[in-house]
Amino acid sequence: MRMKRFYADSLFLALTLLFAQVAVAWGQTDLTGYWKFSVPNGGVNFLEVKQTGGQIFVSGRSGMSQTPYGALQGDRLHLEIPSPFGPPDPKRVTVYDAVVKGDKFSATRKSPDEDVVAGTLERVTREEAFPARLPLPELRDLPDNGLARTPPMGWNSWNRFHDKFDDATVRRMADVMVSSGMRDAGYTYIIVDEGWSSYRDKNGNITGNARFPDMKALADYVHSKGLKIGIYSSPGPQVCGGYQGSYGHEEQDAKTFAEWGYDYLKYDWCSAFGIYQPTPADLEGAYQKMGEALAKTGRPIVYSLCEYGLGDVWTWGAKAGGNLWRTTFDIADTWASMERNGFSQLDIAQYPQPGHWNDPDMLEVGNGGMTGDEYRTHMSLWAMLRAPLIAGNDLRVMSDETKSILMNTEVIAIDQDPTAKPVQILSVDGKSEILVRPLEGNAVAVGLFNRGDDPAQISFRWDSLHLGAYLGGRTMTARDLWRHEAVPVAGDSFTATVPRHGVVLLRVEVGSFRFR
Ligand code: GLA
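Just so we're clear, the structure is a prediction, and the values are computed from it rather than from any experiment. (Residues numbered from 1 in each chain as written. Predicted model: local features only at pLDDT ≥ 70, side-chain atom pairs only at ≥ 80, totals over all residues. Heavy atoms only, no water.)

### Thoughts on the pairing of strand β22 (residues 443–450)
Then, number 1: Across the eight residues that make up β22, a large majority, eight, are buried.
Then, number 2: By the alternation rule, side chains of β22 split into A443, A445, G447 and F449 and V444, V446, L448 and N450, which are all buried.
Then, number 3: Where strand β21 (residues 432–439) lies against β22, eight bridges are found, and the strand directions are antiparallel. When the sheet's bridge partners are listed, E433 is paired in β22 with F449.
Then, number 4: Counting the residues that bridge the hairpin from β21 to β22 gives three residues, and of these G441 lies at a positive phi of roughly 75°. (Buried < 20%, exposed > 50% of the residue type's maximum accessible area, 1.4 Å probe, protein only. Helix = DSSP H or I, 4+ residues; strand = E, 2+ residues; numbered from the N terminus. Pairing = 2+ DSSP bridges.)

### Here's the deal with the nonpolar core
Soluble, globular proteins show a tendency: their nonpolar side chains are buried together.
Then, number 1: In this structure, Y187, W196 and M379 are the most contacted members of the largest nonpolar core, which totals 96 residues.
Then, number 2: Take this core: its biggest share by element is seven residues, from helix α10 (residues 372–385).
Then, number 3: Not counting residues up to four positions away in its chain, the partners in contact with M379 are Y187, L363, L389, I405, L406, V411, I412 and W482.
Then, number 4: If you look at the next biggest cluster of nonpolar residues, it comprises 21 residues, including I434, F460, L467 and V504. (Core = buried A, V, L, I, M, F, W, Y, C linked by side-chain atoms within 4.5 Å. Contact = heavy atoms within 4.5 Å.)

### Some points on the site of the ligand
Then, number 1: As a matter of local geometry, the ligand sits amid W158, D193, E194, Y232, C240, K266, D268, C306, Y308, R326, D330 and M362.
Then, number 2: Note that an oxygen atom of the ligand is positioned 2.4 Å from one of the side-chain N or O atoms of E194.
Then, number 3: Between the ligand and D268 there is a distance of 2.9 Å, counted from an oxygen atom to a side-chain nitrogen or oxygen.
Then, number 4: Across the complex, the protein chains shield 97% of the 300 Å² of accessible surface that the ligand would expose by itself.
Then, number 5: Taken together, the residues of the shell around the ligand break down into six nonpolar, no polar and six charged. (Near = heavy atom within 4 Å. Polar contact = N/O pair within 3.5 Å; in protein donor to acceptor, adjacent residues only side chain to side chain. Areas by Shrake-Rupley, 256 points an atom, 1.4 Å probe, with all protein chains shown as cover. Nonpolar A, V, L, I, M, F, W, Y, C, P; charged D, E, K, R; others polar.)

### A closer look at the pattern of salt bridges
Then, number 1: Counted under the stated rule, the structure contains 31 salt bridges.
Then, number 2: The shortest N-O distance in the salt bridge between D330 and R326 comes to 2.7 Å.
Then, number 3: Residue D330 is classed as partly exposed on the basis of its relative accessible area of 36%.
Then, number 4: For R326, a relative accessible area of 3% gives the class buried.
Then, number 5: Where salt bridges share partners, they join R172, D175 and K225 into one cluster. (Salt bridge = Lys/Arg side-chain N within 4 Å of Asp/Glu carboxyl O.)

### Brief notes about the packing of helix α7 (residues 250–260) against helix α8 (residues 280–297)
Then, number 1: Taken N-terminus to C-terminus, the directions of α7 and α8 make an angle of 40°; their axes are 8 Å apart at the nearest point. One element, α7, and the other, α8, form an angle in the oblique class. Taken as a pair, α7 and α8 cross one another with a handedness that is right-handed. For the pair α7 and α8, contact is made by E250, E251, A254, K255 and A258 and by K289, M290, A293, L294, K296 and T297, respectively.
Then, number 2: Residue classes in the contact of α7 with α8 are distributed as five nonpolar, one polar and five charged. (Axes fitted to C-alpha atoms, helices over the stretch in contact; angles between N-to-C directions. Parallel < 35°, antiparallel > 145°, perpendicular 65-115°, else oblique. Left-handed = near helix turned anticlockwise from the far one by under 90°.)

### Points about the sheet that holds strand β11 (residues 189–191)
Then, number 1: Spatially, β18-β17-β16-β15-β14-β11-β10-β19 is the arrangement adopted by the eight strands of the open sheet, whose pairing is parallel. Each having just a single partner strand, β18 (357–359) and β19 (389–391) make up the two edges of the open sheet. Direction aside, the axes of adjacent strands within the sheet are offset by 25° on average.
Then, number 2: The pairing of strand β10 (residues 153–156) with β19 spans three bridges and is parallel. Bridge pairing in β19 places M153 opposite L389.
Then, number 3: Against the sheet, helix α6 (residues 215–224) engages β11 and β14 (228–233), with an angle of about 145° to β14.

### Quick word on the state of the cysteines
Then, number 1: Summed over the entire model, instances satisfying the criterion amount to one disulfide.
Then, number 2: Across a sulfur-sulfur distance of 2.0 Å, C240 and C270 are joined as a disulfide pair. One quick way to see it: the torsion about the S-S bond of C240 and C270 is about -85°, and its sign makes the bridge left-handed. Here C240 is found in the loop between β14 and α7, whereas its partner C270 is found in the loop between β15 (264–268) and α8, with 30 residues between them in sequence.
Then, number 3: Take C306: it sits in no disulfide, and the sulfur closest to it among the cysteines is that of C270, at 6.7 Å. (Disulfide = S-S within 2.5 Å.)

### With respect to the packing of aromatic side chains
Then, number 1: Tallied over the entire structure, the rule returns 23 aromatic pairs.
Then, number 2: Their ring planes at 90° and their centres at 6.4 Å tell us that W269 and F273 sit as a pair that is edge-to-face.
Then, number 3: On the basis of relative accessibility, which here comes to 0%, the residue W269 falls in the buried class.
Then, number 4: With 6.0 Å between their ring centres and 40° between their planes, W269 and Y276 make a pair best called tilted. Accessibility classification places W269 together with Y276 in one group, the buried group.
Then, number 5: A network of ring pairs unites the aromatic residues Y267, W269, F273, Y276, Y287, Y303, Y308, W316 and F329 as a single cluster. (Phe/Tyr/Trp six-rings, centres within 6.5 Å; stacked < 30°, edge-to-face > 60°.)

All we've got here are geometric facts, nothing functional implied.
See below:
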């Protein structure tokens with residue numbers, strides 16, 4: 001009897017649960033379709049959604065997600081969308097929460113790089129979410145614009161501020177670029193990244209948003225400091241955080257940027273993922289289109305391609321008019337990220353040439369996530385690679401150590417050395433790696449990098465540098481570029497104890513004749 005009762009109860013429970021589920025499924029809104037998330041005075045993001053029962057799938061870079069990114073339970077929507085950039089990382093997710101009510105309702109978004117923001121989720125058409133592909137120009141080699149003969153140097157807002165900055169912040173950075181001595185050390189470009197643009201006016205002209213009310217006045221101010229200024233857009237309709245991009249307005253925007261007086265454009269693929277294919281042909285076509293538009297303005301504008309190294313950009317970036325091109329996904333202020341971005345460049349070290357540079361992303365020096373030794377490795381490695389040196393910290397609050405790294409003019413001279421010979425690996429021994437690069441004159445830069453977690457002794461033989469040392473009575477001299485002192489050249493080899501994640505960077509040269 002008790003057994004029978006148990007079965008009856010279970011059956012009743014199962015039927016109730018089933019009924020409840022069906023009822024939820026019947027009563028529930030179906031979110032399948034296209035949605036726009038917009039933030040007041042901020043960007044917009046589009047989501048393609050497929051709902052199966054209560055589970056929500058979202059379209060990502062490689063099509064619809066295979067596992068659900070969230071759920072709709074009753075009227076509560078919760079989505080967790082992983083970052084499409086870089087290796088999978090459970091910490092890099094964007095979370096949307098909303099109480100669903102019809103086709104337009106309030107929602108919040110929390111992404112790894114921002115606080116919770118309140119916005120609106122609104123149903124839109126497919127065309128609004130993913131506008132049509134535009135015709136791309138026939139591929140051709142654009143003439144070299146003659147700019148960036150050495151790797152560009154400057155400051156960019158993104159690493160430290162993301163889109164939480166304004167006109168006044170940028171002006172202050174220009175002030176400090178001068179007062180700190182950075183301008184004299186070679187830093188030239190103040191680059192306004194994501195967060196300046198707003199909607200288009202009735203003539204289709206792009207405009208600054210409330211935080212950037214007068215982009216021309218900002219350029220004039222930066223120029224008055226003896227600096228140059230950069231701006232940021234995308235071949236897609238939106239830049240990555242959703243602010244206005246240049247899709248369909250490429251020539252118009254290039255003209256606007258030139259009229260405002262901008263000297264540098266960072267052009268970020270972002271929402272172009274939803275419009276073109278990330279194939280070499282589409283990428284090159286989309287970048288060439290803006291390259292042509294910039295050339296047509298007649299203003300010298302450094303062209304920085306940002307498409308994370310897709311389609312082996314280093315093989316065609318110069319043809320599309322690029323002066324520098326990102327070769328990696330975004331850097332983060334961690335040893336692992338910096339190490340990955342930096343050392344991966346050795347495989348493509350033959351591509352940088354005067355006017356056309358591999359860009360493993362901007363500097364994180366001074367942002368607080370790495371040790372002094374790690375930041376010295378960062379700066380030394382970027383210098384050995386001839387990478388652009390674009391500071392990404394808050395220049396107003398630099399410690400003495402940060403200043404000593406960013407303004408080490410001897411290390412900067414390695415980065416800016418005009419000799420177009422690539423960096424090479426001299427030796428790798430476990431986690432110890434020695435890089436060498438020929439410099440102007442009879443000189444080389446030698447970087448002894450310790451990628452390991454413990455201090456390491458690293459050595460090389462002087463004659464492995466092939467400087468013809470001691471030949472013809474000439475002397476070899478060496479200088480430690482972080483200690484700023486001469487290193488004795490004695491015996492057959494040089495040995496240093498290099499701290500964990502640290503570097504010893506030398507400039508070795510064969511000096512003048514010594515007459516006996
Ligand atoms: C991409 C770029 C970054 C930065 C952000 C802005 O992630 O790679 O350098 O410009 O977009 O959203």
